[in-house]
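Breakdown of the fold
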Amino acid sequence: MSTLFKGPDGQDRCAWAGSAPDFLDYHDQEWGYPVGDDIRLFEKVCLESFQSGLSWRTILAKRENFRTAFAGFDPVEVAAFDQVKVEALLQDAGIIRHRGKIEAVINNAARALELQQEAGSLAAFFWSFEPDPATLPPPQTQTTSPDSIALSKALKKRGWKFVGPTTCFAFMQAMGLINDHALGCCCRAKAAEARASFEKPVPRSD
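The chain is annotated in an unreviewed UniProt entry as DNA-3-methyladenine glycosylase I from Epibacterium ulvae.

This is how it looks when you write it as structure tokens:
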């Protein structure tokens with residue numbers, strides 16, 4: 001199977017970018033570019049957890065609904081959700097109505113606030129798991145890695161839920177902790193440039 005897809009502009013892209021109409025912009029504008037914003041990082045962890053057992057296309061199509069339902073994924077607001085809110089979310093047809101995953105997001109919001117206190121920011125914590133690019137296998141040849149396993153263990157140790165190694169690896173791909181654009185993809189060099197200029201957050205040392 002080819003790892004590339006020729007886009008409407010004639011340029012080659014990762015093959016998955018051509019598997020659904022709404023994937024093209026997501027692939028070109030978001031996937032694989034480094035992110036240092038805590039809200040975006042928390043949102044992505046949550047959406048990846050919702051994706052477990054489903055397709056990313058399903059989640060992406062509902063992303064704006066998720067943002068509305070979960071207060072823009074502001075951990076401060078989400079951590080304050082109570083059981084009444086959970087029951088309301090279970091009636092929201094615009095999201096994935098899975099009690100365990102909904103409750104996990106609320107739990108993880110509280111854990112995210114604790115992690116911000118511990119590391120200074122979610123970004124500082126997550127980026128401390130960035131692998132050495134020289135140690136990575138060819139792009140898109142794995143669904144977990146030693147680093148995603150380590151990240152998963154670290155999060156679970158801190159009480160996070162629905163953050164297995166595969167979920168963590170997908171998160172690392174999407175948020176630019178690794179450049180997993182296929183060789184020959186027109187966005188691979190762009191992602192590399194973005195990573196090179198990205199100022200990596202440093203965990204709190206006190």
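1. Brief notes about the UniProt feature "binding site: Zn(2+)" (unreviewed entry) in the chain
Within the UniProt annotation, "binding site: Zn(2+)" (unreviewed entry) is assigned to Cys-14, His-27, His-181 and Cys-185. Taken along the chain, the residues just named run across 172 residues; in space they keep tight, none of their C-alpha pairs more than 10.4 Å apart. Inspection of the secondary structure assignment puts His-27 in helix 1 (residues 23-29). Every residue in contact with His-27, bar those within four places of it in the chain, is listed here: Arg-13, Cys-14, Trp-16, Ala-17, Tyr-33, His-181, Cys-185 and Cys-187. Assignment of secondary structure puts His-181 in the loop between helix 10 (165-174) and helix 11 (188-197).

2. Re the environment of Tyr-33
Residue placement: Tyr-33 occurs in the loop between helix 1 and helix 2 (38-51). The exposure class assigned to Tyr-33 is buried, which follows from its relative accessible area of 14%. Between the alpha carbons of Tyr-33 and Phe-198 there is a distance of 9.3 Å; along the sequence they are 165 residues apart. Ignoring any residue separated from it by four or fewer positions in sequence, one finds Tyr-33 in contact with His-27, Asp-28, Ala-174, Met-175, Gly-176, Cys-187, Lys-190, Ala-191 and Ala-194. A distance of 3.2 Å separates the side chain of Tyr-33 from the backbone oxygen of Asp-28, its partner in a polar contact.

3. Quick word on the nonpolar core
Phe-70, Phe-126 and Trp-160 are the most contacted members of the largest nonpolar core, which has 57 residues in total. Ranked by residue count, the leading element in this core is helix 7 (residues 99-119), at 7 residues. With sequence-adjacent residues up to four places away left out, Phe-126 is seen in contact with Leu-41, Val-45, Leu-151, Leu-155, Trp-160, Phe-171 and Leu-177.

4. A look at the packing of aromatic side chains
Evaluation of the coordinates by the stated rule reveals 16 aromatic pairs. Look at Trp-16 and Trp-31: their rings are 5.0 Å apart centre to centre, the planes differ by 70°, and that puts the pair in the edge-to-face class. Taken as a pair, Trp-16 in the loop between strand 2 (12-14) and helix 1 and Trp-31 in the loop between helix 1 and helix 2 lie far apart in primary sequence, 15 residues in all. Between Phe-42 and Trp-160, the ring centres sit 6.4 Å apart and the planes meet at 70°, which makes this aromatic pair edge-to-face. Of this pair, Phe-42 sits in helix 2 while Trp-160 sits in the loop between helix 9 (146-157) and helix 10, and the two are 118 residues apart along the sequence. Judged by relative accessible area, Phe-42 falls into the buried class, the value being 0%. Here Lys-44 stacks its cationic end above the ring of Trp-56, 3.5 Å away from the centre of that ring.

Thresholds applied
- Residue positions within a chain follow its written sequence, with the count starting from 1.
- Two thresholds apply to this predicted model, a pLDDT of at least 70 for residue-level local features and 80 or more for giving and counting side-chain atom pairs, whereas whole-chain, interface and lining totals are computed over all residues.
- Water and hydrogen atoms play no part in the side-chain values, which are based on all heavy atoms of the structure.
- UniProt positions are given in the numbering used here, feature names are shortened, and annotations may be inferred rather than shown by experiment.
- A run of H or I in DSSP becomes a helix once it reaches four residues, and a run of E becomes a strand once it reaches two; helices and strands are each numbered from the N terminus.
- Every residue pair with non-hydrogen atoms within 4.5 Å of one another is taken to be in contact.
- Any residue under 20% of the maximum accessible area for its type is buried, any over 50% is exposed, and the rest in between are partly exposed; the area is computed with a 1.4 Å probe on protein chains only.
- The term polar contact refers here to a pair of N or O atoms within 3.5 Å; inside protein, the definition further demands a hydrogen-donor-capable atom paired with an acceptor-capable atom, and it admits residues adjacent in sequence only when both atoms are side-chain atoms.
- In plain words, nonpolar cores are sets of buried Ala, Val, Leu, Ile, Met, Phe, Trp, Tyr and Cys residues tied together by side-chain atoms within 4.5 Å.
- Note on ring pairs: Phe, Tyr and Trp rings are taken, using the six-membered ring of Trp, and paired if centres are within 6.5 Å. Classes follow the plane angle, with under 30 degrees stacked, over 60 edge-to-face and the rest tilted.
- Two limits define a charge over a ring: the Lys NZ or Arg CZ must be within 6 Å of the ring centre, and within 35 degrees of the ring normal.

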